[in-house]
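What follows is the residue order along each chain.
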Amino acid sequence: MTKPLLSVRDLKVEFPTRRGVLTALNGVSFDIMPGEVLGMVGESGAGKSLTGASIIGLLEPPGRIAGGEILLKGERIDNISPDAMRKVRGKRIGMVFQDPLTSLNPLYTVAKQLTETIMTHLPVSASEARRRAIALLDRVGIPAAARRIDDYPHHFSGGMRQRVVIALALCAEPELVIADEPTTALDVSVQAQIIDLIKEICAERNAAVMLITHDMGVIAETADRVAVLYAGRLAEIGTVHDVITRPEHPYTQGLMGSIPTLTQESDRLISIPGSMPRLNAIPPGCAFNPRCTQTFGRCTAERPDPIARPNGRQVACWLYDEEKAHG
Amino acid sequence: MSQSTSKLARMWDSDVAYSFRRSPVTIIAAIVALTIILGAVFAPWIAPHNPFDPSSLNLMDGFSRPMVPNEFSGNTYLMGTDNQGRDIFSTILYGARISLFVGFAAVAFGMILGITAGLVAAWRGGWVDSLLMRIADVQLSFPSILIALLIFGIARGVIPTNMRETMAIWVLIVAIGLSDWVQFARVVRGAAMVEKNKEYVQAARVIGVHPARIIFSHILPNVLGPVLVIATISLALAVISEATLSFLGVGVPPTQPSLGTLIGNGQKYLFSGEWWILLFPSATLLALALSVNLLGDWLRDALNPRLK
Amino acid sequence: MLAYSLRRVLQSILVMLVVALISFALFRFVGDPVNSMVGQETSLADREALRRQLGLYDPFVVQFWNFITRAVQGDFGISYRLQEPVMKLILSRLPATLELALVSGTAAFILGVGFGVYTALNRRGLASNGIMTLSLIGVSLPTFLIGVLLIWVFAVELKWLPSFGRGDTVALTSWWTTGFLTPSGRASLVLPAVTLGLYQMTLIMRLVRAEMLEVLRTDYVKFARARGLSQRAIHFGHALKNTMVPVITVMGLQLGSIIAFSIITETVFQWPGIGSLFINSVKAVDVPVMAAYLMMIAAIFVIINLIVDILYYIVDPRLRLDGGGKH
């Protein structure tokens with residue numbers, strides 16, 4: 001069995017505020033295998049982006065990792081020095097953000113931003129960096145890359161800019177790419193192209209992908225495995241096939257009943273009554289219990305940890321506990 | 001109206017009051033500002049001497065050092081006396097009175113002018129709006145002190161010589177007020193534009209609700225916070241402008257010395273070693289401007305936590 | 001670009017015309033130009049003749065036109081107070097003001113940007129808090145008070161620097177005299193330059209700090225961090241350049257206000273520049289000098305605004321519509 005590329009163990013993220021400490025992520029654990037595409041879904045505020053930010057070490061203060069560990073190929077990266085972390089970012093973990101319109105510095109040409117990144121991480125000359133940049137732009141599907149490379153970001157359309165962003169995330173050949181809602185800000189017509197591009201180009205380079213989205217349709221088409229987050233906790237994780245065809249967590253079951261298609265933009269999962277609790281009002285026991293149709297006594301009293309299920313699946317729900325009968 | 005008062009009450013109850021309690025600097029600033037303002041308001045009752053009453057002056061008391069009995073008269077003064085034997089402490093109280101009167105009046109004038117202009121611009125739209133905002137742009141690009149000086153110069157040319165003295169304070173108020181209406185106008189216009197296009201305002205207009213009612217019950221409550229911030233910072237600026245103009249000799253008449261006049265007077269005695277004539281009025285002006293500025297800064301942050 | 005430039009130039013001309021109108025109205029209607037020019041003993045008939053000679057009975061438009069044509073040629077009439085041509089007075093005093101403004105403006109710019117960047121990058125540091133507190137005092141201290149206090153400390157108590165005047169000057173041309181070339185000239189420049197520049201410096205510093213903090217929160221800075229660029233590249237390559245775009249505009253305007261604020265500084269230090277000329281003219285209602293000063297300041301502002309526009313255009317590629325274009 002191969003070793004995981006990335007291991008997140010019992011991750012806890014807190015935000016100290018004046019009215020007390022908010023726990024935004026609590027006990028989140030999962031692995032990503034080399035070359036694997038892990039989808040991460042959940043509603044807005046479930047903690048998907050925070051998980052990504054924690055991994056790459058860019059949590060916005062006052063947010064902080066309060067517990068757990070993050071390992072990249074068995075080495076911890078959550079407690080290393082800022083300089084060491086800087087060598088991980090871009091070089092070993094790349095990141096694609098949501099909005100390509102704001103991800104690129106408007107005052108620098110694409111060439112400058114690409115060569116700067118390449119030369120930060122790889123020992124190459126300026127001309128070699130430029131050659132690589134052009135090849136990369138060509139690969140991500142920028143027509144006439146050799147000429148367009150000297151354009152400024154505003155010369156490109158939204159879809160083209162996201163291609164440039166992908167080129168930037170990949171230009172130092174990272175082992176893991178975190179794509180945080182990479183298509184949300186794009187026209188529906190180009191969303192599928194960008195998702196396909198991310199999947200293809202990462203497969204080519206054997207880079208693993210952590211695809212953060214609220215769109216189950218995208219996950220179904222792209223990911224190998226999927227992790228479902230709810231109110232800062234992991235509800236269910238398993239292969240895409242298992243989770244989509246036979247969801248086990250009642251929340252995932254509700255999600256599956258409301259898969260939006262690729263052509264339909266939706267941030268609300270209307271088939272589940274109620275809404276996700278605020279971070280300062282997470283109920284005791286299972287966070288999902290007020291909305292769950294299968295609640296029983298134990299759900300409001302005890303918090304369920306992920307329970308191992310067949311085929312590597314894990315579900316944080318008391319319904320699957322061996323001792324259910326006693327509960 | 002109830003909506004606005006409850007909004008105010010809520011605002012005061014939570015964040016603003018909390019951030020006030022949390023900031024010792026702000027509390028000190030508030031105490032300093034309040035002390036100076038109260039001292040100025042009650043100057044006639046607090047001041048040991050009336051510096052404007054020539055009969056109470058004694059040239060023998062001239063140039064008394066602070067806290068040291070005068071070598072001729074034997075009188076002791078807290079902050080010393082100036083060349084004419086005027087008690088510095090008393091002149092500061094009376095000076096602050098004039099400075100603050102001009103400051104408050106100028107801000108009130110600028111505020112009324114600005115709010116009116118902002119409302120008219122938003123309500124009328126079209127060329128009225130363009131014209132007002134163009135004037136605001138142009139004026140904003142010129143330093144306010146220059147505009148105040150120009151207005152002062154014009155007034156001096158227009159007002160007959162024998163009236164100049166009595167009119168001086170009013171000219172000063174108009175000059176300073178005219179130089180800071182723009183900020184108010186912009187904020188009010190922005191808020192009014194937003195409200196104007198809301199459906200309930202459109203509906204209210206259609207059923208013939210008087211514009212004044214819409215303005216007073218919906219638009220003004222919405223801009224209360226920003227207007228208060230601007231007014232506070234404008235007050236500090238107005239006090240500084242007044243002091244500057246008076247120091248330059250184009251402000252209040254010498255018979256009604258403000259803090260700026262006192263500092264200008266004190267500067268003359270620097271080289272001869274009578275430092276107290278300069279120091280105490282300067283410290284008062286600085287304390288006043290700084291504390292009001294700090295209050296304005298705090299108010300801006302408290303009303304707009306995002307900017308912290 | 002051409003249309004844009006043309007519109008800007010037309011706007012500038014319009015502003016100048018409005019200011020000229022104000023100046024002319026000032027000249028024509030504030031006080032009586034004839035009574036201000038002649039002595040008590042001049043007979044009514046002579047005054048009448050002078051009125052005719054000055055064209056005061058011409059239609060308003062004709063008078064305004066004559067005013068403008070004379071102004072363009074640098075003829076603003078004779079000072080009531082000093083009985084000399086206004087233009088000659090202004091020219092002889094302009095070098096003193098320009099040298100003062102140049103020195104204090106340059107210092108304010110360099111120190112303001114430096115401190116602003118420092119306090120933005122080290123937001124919670126002790127030095128930053130110290131600088132910010134001092135800057136608030138700097139903003140609250142009226143310019144004249146700074147000058148008086150500096151005189152007290154450095155001229156009266158320490159006797160290091162002169163407290164008034166320009167020191168020895170060297171004539172470069174028939175009207176340009178410089179204080180840069182003599183030791184006393186340079187020493188005399190120090191206190192007025194500090195007085196004039198301190199407020200501008202704090203203003204620039206606070207602006208740079210605020211803008212930089214804003215820029216550091218943007219997505220493209222986050223993305224630059226995610227690519228593992230060095231702190232230096234992010235702060236001084238990406239963030240600083242973007243910070244300077246809005247700062248340039250304000251600084252252009254500040255340059256103009258330095259010249260206006262020199263009115264105060266020149267009065268405090270008895271500096272023989274155009275500022276002290278103006279204040280004395282205001283006191284004496286010397287309308288021709290006031291009108292000329294107003295037009296000159298307006299001209300400086302308009303020119304600076306045009307320069308700022310051009311700078312903006314150079315720094316921000318989004319304003320350039322060269323080649324490429326949006327596809």
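From a predicted model like this one, the values you see are computed outputs, not experimental measurements.

Attention shifts here to the overall build of chain A. Secondary structure summary: chain A contains 12 helices and 12 strands in total. Its C-alpha radius of gyration of 20 Å places chain A within 12% of the 20 Å reference for a compact globule of 327 residues. Viewed in the frame of its principal axes, chain A has a C-alpha envelope of about 70 × 45 × 45 Å. Relative to its 327 residues, chain A shows a buried fraction of 48%. Partitioning the contacts of chain A with sequence separation of at least 6, the portion at a separation of at least 24 is 64%.

All right, on to the overall build of chain C then. When you go through chain C residue by residue, the secondary structure sums to 12 helices and two strands. Along chain C, helices and strands appear, N-terminal first, in the series α-α-α-α-α-α-α-β-β-α-α-α-α-α. Seen along its three principal axes, the alpha-carbon backbone of chain C occupies a region of about 85 × 65 × 35 Å. Relative to its full complement of 327 residues, chain C shows a buried share of 40%. Partitioning the intrachain contacts of chain C with sequence separation of at least 6 by distance along the chain shows that 70% fall at a separation of at least 24.

Residue and element names in this part refer to chain A. Among the five residues in strand E3 (residues 37-41), five count as buried, and that is most of the element. Residues Val37, Gly39 and Val41 point to one face of E3 and Leu38 and Met40 to the other, with burial holding for every one of them. Across four bridges, the pairing between E3 and strand E9 (residues 225-230) is parallel. By the bridge assignment, Met40 is partnered in E9 with Ala227.

UniProt records the feature "domain: ABC transmembrane type-1" (unreviewed entry) for residues 94-312 of chain C in the present numbering. Along residues 94-312 of chain C, the helical share is 79% and the strand share 2%, with 28 Å between the first and last C-alpha atoms.

Across the contact, 26 residues belong to chain A and 22 residues belong to chain C. Taken together, the elements giving at least two residues each to the side of chain A that touches chain C come down to helix H2 (82-88), helix H3 (100-103) and helix H4 (110-121) of chain A. With four residues, H4(A) is the largest single contributor of residues to the side of chain A that touches chain C. Considering only residue class, the side of chain A that touches chain C consists of nine nonpolar, 10 polar and seven charged.

Further remarks concern helix H8 (residues 181-196) of chain B. The terminal C-alpha atoms of H8(B), which comprises 16 residues, lie 22 Å apart, in line with the 22 Å expected from a rise of 1.5 Å per residue. B:Trp181, B:Val182, B:Gln183, B:Phe184, B:Ala185, B:Arg186, B:Val188, B:Arg189, B:Ala191 and B:Ala192 are the residues of H8(B) that are buried.

Okay, the environment of C:Glu48 next. Of note, C:Glu48 is situated in helix H3 (residues 44-54). Residues C:Glu48 and C:Pro95, spaced 47 residues apart in sequence, show a C-alpha to C-alpha distance of 39 Å.

The next thing to look at is the interface of chain C and chain B. Counting residues at the interface gives 34 residues for chain C, matched by 34 residues for chain B. Listing elements by their share of the side of chain C that touches chain B, those giving two or more residues are helix H1 (2-29), helix H6 (126-140), helix H7 (143-157), helix H10 (231-268), helix H11 (274-283) and helix H12 (287-315) of chain C. The leading source of residues in the side of chain C that touches chain B is H7(C), at eight residues. Here the residues of the side of chain C that touches chain B sort into 28 nonpolar, five polar and one charged.

This part covers the confidence of the model for chain C. All names here are of chain C. On average, residues of chain C carry a pLDDT of 83, and 94% of them reach 70 or more. Looking over chain C, one finds the lowest element-wise mean pLDDT in helix H2 (residues 33-37), namely 70, and the highest in helix H9 (residues 219-226), namely 91. Residue range residues 322-327 is modelled with pLDDT below 50. Its contacts to residues more than four positions away, or to other chains, number five contacts. Two summary scores accompany this predicted model of the complex, namely pTM at 0.79 and ipTM at 0.85.

Take helix H4 (residues 88-124) of chain B next. Residue and element names in this part refer to chain B. For H4, spanning 37 residues, the distance from its first C-alpha to its last is 52 Å, which sits close to the expected 54 Å at 1.5 Å a residue. Extensive coverage of H4 is indicated by the burial of 27 of its 37 residues. Gly125 occupies a position one or two residues after H4 and carries a positive phi of about 65 degrees.

On to the nonpolar core. A general feature of soluble globular proteins is that nonpolar side chains tend to end up buried together. Judged by nonpolar contacts, the single largest core of 255 residues is most densely connected at A:Ile166, A:Ala167, A:Leu176, A:Val177, A:Val209 and A:Tyr230. Element by element, the count of residues in this core is highest for H4(B), at 18 residues. In this structure, A:Ala167 is in contact with A:Leu114, A:Leu136, A:Leu137 and A:Val140, ignoring residues within four places of it in sequence.

This paragraph deals with the UniProt feature "domain: ABC transporter" (unreviewed entry) in chain A. Mapped onto this numbering, the UniProt entry annotates "domain: ABC transporter" (unreviewed entry) at residues 8-256 of chain A. This span, residues 8-256 of chain A, is 40% helix and 27% strand, and a straight line between its end C-alpha atoms measures 26 Å.

The rules behind these values
- Residues numbered from 1 in each chain as written.
- Chains lettered and ligands numbered in written order.
- Predicted model: local features only at pLDDT ≥ 70, side-chain atom pairs only at ≥ 80, totals over all residues.
- Helix = DSSP H or I, 4+ residues; strand = E, 2+ residues; numbered from the N terminus.
- Rg over C-alpha atoms; globule rule 2.2 N^0.38 Å.
- Buried ≥ 20, exposed ≤ 12 C-beta atoms within 10 Å, placed from the backbone.
- Contact = placed C-beta atoms within 7 Å.
- Pairing = 2+ DSSP bridges.
- UniProt positions renumbered as here; feature names shortened; annotations may be inferred.
- Nonpolar A, V, L, I, M, F, W, Y, C, P; charged D, E, K, R; others polar.
- Expected span 1.5 Å × (residues − 1).
- pLDDT = per-residue confidence, 0-100.
- Core = buried A, V, L, I, M, F, W, Y, C linked by C-beta atoms within 7 Å.

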